[in-house]
There are 2 protein chains.
Amino acid sequence: MQQKDIEGFFADSHALDLEDYLLLDYYFECQGDPRLAAAHFCSEQSTAQWQRIGVEEDFRPRFGAKVIDLQVLGQQQHLSYALHTPLAGPFQSCQVKIAHPHANFGPKLPNLLSAVCGEGVFFTPGIPVVKLLDIQFPETYLAAFEGPKFGIQGLRERLDVYDRPIFFGVIKPNIGLGPEPFAQAGYAGWLGGLDIAKDDEMLADVSWSTLEERSRLLGQARRQAEAKTGRRKIYLAYITDEVDRLLELHDIAVANGANALMVNAMTTGLSAVRWLRKHTRVPLVGHFPMIAAFSRLPHYGLHAQVMTTLQRLAGLDVIIMPGFGQRMMTPETEVLDCVTACTRALGAIKPSLPAPGGSDWAGTLGDVYAKVGSIDFGFVPGRGVFSHPLGPAGGAASICQAWEAIAQGIPLAEYAQTRLELRRAIEAFA
Amino acid sequence: MQQKDIEGFFADSHALDLEDYLLLDYYFECQGDPRLAAAHFCSEQSTAQWQRIGVEEDFRPRFGAKVIDLQVLGQQQHLSYALHTPLAGPFQSCQVKIAHPHANFGPKLPNLLSAVCGEGVFFTPGIPVVKLLDIQFPETYLAAFEGPKFGIQGLRERLDVYDRPIFFGVIKPNIGLGPEPFAQAGYAGWLGGLDIAKDDEMLADVSWSTLEERSRLLGQARRQAEAKTGRRKIYLAYITDEVDRLLELHDIAVANGANALMVNAMTTGLSAVRWLRKHTRVPLVGHFPMIAAFSRLPHYGLHAQVMTTLQRLAGLDVIIMPGFGQRMMTPETEVLDCVTACTRALGAIKPSLPAPGGSDWAGTLGDVYAKVGSIDFGFVPGRGVFSHPLGPAGGAASICQAWEAIAQGIPLAEYAQTRLELRRAIEAFA
């Protein structure tokens with residue numbers, strides 16, 4: 001690219017009709033002039049060659065991605081990560097905001113991903129280190145998406161629970177337990193106070209626990225628990241599978257009494273989730289396998305909040321994400337960014353329920369509540385319910401008791417003095 | 001996990017029926033005892049809780065992932081990457097081989113990915129840095145996959161080209177050029193000697209270039225080029241879109257004369273590709289957007305050869321991958337690993353044609369050939385054909401001339417003395 005070509009990839013945001021553009025925030029580390037690097041970056045992710053040889057034309061005004069803000073953050077002698085590149089320092093670390101014309105590809109998730117984290121973004125000359133930090137969408141683009149069918153409000157209505165977090169429990173042992181004892185464990189969890197008993201995100205439709213049998217037994221157990229407790233309950237069945245089976249598995253599970261379904265959004269594909277959303281009769285829950293592979297490093301890959309936003313766009317009513325605490329190796333600010341991405345304004349798209357999880361038990365509930373700063377979250381213990389010394393019913397009860405203490409402003413240890421299940425949880429897990 | 005529990009996640013490989021297991025190679029950096037970390041690593045990716053409370057049972061023999069080899073590579077005070085973790089050094093860097101029972105989830109790509117790069121792998125306590133290096137599959141697992149429908153041999157038969165690499169050209173300008181001039185460019189490329197003229201991996205089914213119109217015009221142009229040259233030609237149409245449109249777009253494009261189809265495997269989803277493979281009547285080509293987001297760092301994420309292998313399993317006949325040269329920021333050994341992953345033994349699964357690409361032109365062909373060490377590769381220039389000073393026909397001719405020189409062992413510069421197109425390519429791109 002020649003010096004005179006650079007200007008074609010820069011624009012004043014006031015001069016653009018922003019309804020025509022996605023706004024993309026990136027961090028990058030580049031060698032040489034940041035303006036030249038940023039122009040290349042825009043060229044590579046949009047119209048890499050903006051005219052035919054020998055033809056007077058310029059595709060950049062309509063099709064070019066354009067830098068609307070470029071901040072040089074600093075200079076460093078080495079890249080943040082040792083990489084295979086012959087480039088030598090100094091490198092400039094930059095944050096850039098790019099207006100990317102969405103008519104280049106349209107409101108399609110695979111094409112959106114290809115544009116914002118594809119070859120252009122990761123193979124721009126002079127930019128070996130890059131991270132997509134955030135995306136903002138104009139209303140016209142969002143209007144093409146369905147988003148969550150139920151959202152937080154719809155899920156609360158299905159459970160008739162409005163005044164507290166939603167209590168999930170991941171039935172354990174997660175792999176290896178046959179459908180009958182699995183259903184017994186779920187039933188005990190519901191009786192103890194779980195709203196939602198769920199399959200683990202590894203528990204497929206397999207010979208030793210077919211979805212047909214598992215959902216039939218869990219559906220029955222769920223109805224029995226509802227009859228026994230007088231409360232509405234959800235069995236959240238996991239249906240991640242090859243995409244040409246998703247709708248069939250939806251139909252089997254729902255017919256058998258599963259009243260919410262979980263998929264691993266990234267490994268199944270965001271677009272497959274969007275397809276399932278068009279078909280679904282029950283709330284959809286997303287889990288996070290594979291996302292950490294490209295979101296953990298502070299300066300490379302994609303920020304997790306981008307994936308949260310895309311999962312919401314795809315139509316997930318609940319988004320399970322790595323939560324607080326050392327175990328999940330995720331900065332608190334990043335968890336909160338992902339929580340916010342579930343509920344911030346996004347056109348007419350409904351909010352998703354954030355479910356930040358990881359090694360939770362009764363004793364972590366207050367901390368999660370304080371950090372989220374709202375009751376609109378899902379609490380997703382596994383062993384904290386199903387490895388409780390008094391069994392799943394005791395484990396679930398300990399969660400409910402913890403919430404009673406929090407709601408009444410009573411210290412957990414004090415409240416536990418007269419609550420056996422909570423006391424045993426503290427003894428086992430604290 | 002207690003010391004006595006660790007042994008349950010270790011095994012002697014000779015004591016296992018390896019037909020029941022995937023073999024997974026990982027690099028990781030752990031705090032503390034590597035054996036304990038590796039046992040946790042296996043537990044988290046399989047049966048995280050291997051018995052019910054109060055029940056005498058052990059799911060590990062059947063359902064547990066098991067360490068069959070553990071090498072401590074070294075000790076380091078700091079992790080290879082600065083991460084959000086309270087763990088303090090020293091850290092042990094390790095390479096581990098794990099036997100993972102595939103009956104835990106079955107021959108399904110989304111579930112396979114969830115197992116080998118899911119929550120268990122990236123959130124094991126004490127292992128903040130991890131990279132999946134390779135997967136080996138037993139015959140019984142592979143037998144459930146279809147793999148490429150045509151493979152290298154089938155593609156060669158369709159082109160009637162057996163004695164040289166396959167010459168692709170990415171029609172440029174890639175974004176913004178309407179179907180009519182786009183078809184003219186493709187036609188010129190075929191006349192100049194391209195085997196395959198292709199859409200860019202960003203060129204969707206959009207209002208300014210619908211797949212219907214584009215494939216109709218390119219299909220006509222392809223037939224005209226075949227009539228004119230007496231050689232078989234392929235128009236490779238790009239159909240990445242929401243997955244519920246893939247089969248429809250296949251049918252439109254193929255009916256209109258597209259005789260191969262390209263999808264971005266990761267952004268569309270590997271499982272969607274596998275579904276398309278069951279339906280397709282033409283060869284399928286995969287492109288690589290998003291893969292670099294989790295494969296570029298030497299010690300974190302997934303090795304690119306894993307994605308190559310999974311794309312082959314999903315049924316792609318050609319796999320376009322980041323190639324040689326500084327531009328693509330990929331170590332030569334990694335490119336070669338990916339090339340090998342296309343063709344190494346994989347049960348009855350056909351080999352895929354590797355197409356290592358990036359800023360290619362006539363002058364890079366000899367180097368790619370030398371490095372691949374075989375004629376079985378696709379050569380995928382873009383601007384090297386379509387920005388050639390003499391136009392696409394001249395650009396394509398320069399590629400063919402370069403191959404003639406290579407095949408005859410004549411230095412390029414010497415051969416170019418009597419070949420105008422090659423000479424102009426050297427002047428423009430060297």
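Novice: Looking at this model, I keep getting lost on the domain arrangement of chain A. Mind explaining?
Specialist: As a measure of interface size, the accessible area lost when the parts come together is often cited. Residues and elements named next belong to chain A. According to the domain assignment, chain A contains domain 1 (3-142) and domain 2 (151-429). The interface is formed by 23 residues belonging to domain 1 together with 21 residues belonging to domain 2. Between domain 1 and domain 2, the buried area comes to about 1900 Å², and carbon and sulfur atoms account for 68% of it. On the domain 1 side of the interface with domain 2, the three residues burying the most area are Tyr81, Leu109 and Lys131, jointly 33% of the side's total. Here domain 1 is connected to domain 2 by one salt bridge. Across the pair arginine 344 and aspartate 134 runs a salt bridge whose closest N-O atoms are separated by 3.0 Å. The interface formed by domain 1 and domain 2 contains nine residue pairs in polar contact (both at pLDDT 80 or more).

Novice: Help me out: how do you make sense of the pattern of salt bridges in this one?
Specialist: Two side chains of opposite charge can pair, provided their charged atoms sit close to one another. Inspection of the entire model under this criterion finds 48 salt bridges over all chains. With a closest N to O distance of 3.1 Å, B:Arg327 and A:Glu44 form a salt bridge. Note that B:Arg327 is positioned in the loop between strand E11 (318-322) and helix H15 (332-343) and A:Glu44 in helix H2 (residues 34-45), a pairing that runs across two chains. Comparing B:Arg327 with A:Glu44 shows no difference in burial state: the two are buried. With its nearest N and O atoms 3.1 Å apart, the salt bridge here joins A:Glu226 to A:Arg222. Taken together, the residues span about one helical turn, with A:Glu226 and A:Arg222 both in helix H9 (residues 211-229) at a distance of four residues.

Novice: Would you mind showing me how to read helix H2 (residues 34-45) of chain B here?
Specialist: In an α-helix, one turn spans 3.6 residues, which is why side chains three or four residues apart end up on the same side. All names here are of chain B. With 12 residues, H2 ought to run about 16 Å at 1.5 Å a step, and its terminal C-alpha atoms sit 16 Å apart, in line with that. Taking burial as the measure, the 12 residues of H2 include 10 buried ones, the bulk of the element. Residues of H2 that are buried include every one of Pro34, Ala37, Ala38, Ala39, His40, Phe41, Cys42, Ser43, Glu44 and Gln45, and no others. With a side-chain oxygen lying 3.0 Å from the backbone nitrogen of arginine 35, the N-terminal cap of H2 falls on aspartate 33.

Novice: Looking at this structure, how should I read the pairing of strand E4 (residues 129-136) of chain A?
Specialist: All names here are of chain A. With seven of eight residues buried, E4 is to be regarded as a mostly interior element. As judged from the seven bridges shared by strand E1 (residues 21-31) and E4, these two strands associate in the antiparallel manner. Along E4, the bridge assignment pairs tyrosine 26 with leucine 132.

Calculation notes
Residues numbered from 1 in each chain as written. Chains lettered and ligands numbered in written order. Predicted model: local features only at pLDDT ≥ 70, side-chain atom pairs only at ≥ 80, totals over all residues. Heavy atoms only, no water. Domains from an automatic or database assignment. Contact = heavy atoms within 4.5 Å. Buried area = accessible area lost by both parts, 1.4 Å probe. Salt bridge = Lys/Arg side-chain N within 4 Å of Asp/Glu carboxyl O. Polar contact = N/O pair within 3.5 Å; in protein donor to acceptor, adjacent residues only side chain to side chain. Helix = DSSP H or I, 4+ residues; strand = E, 2+ residues; numbered from the N terminus. Buried < 20%, exposed > 50% of the residue type's maximum accessible area, 1.4 Å probe, protein only. Expected span 1.5 Å × (residues − 1). Pairing = 2+ DSSP bridges.

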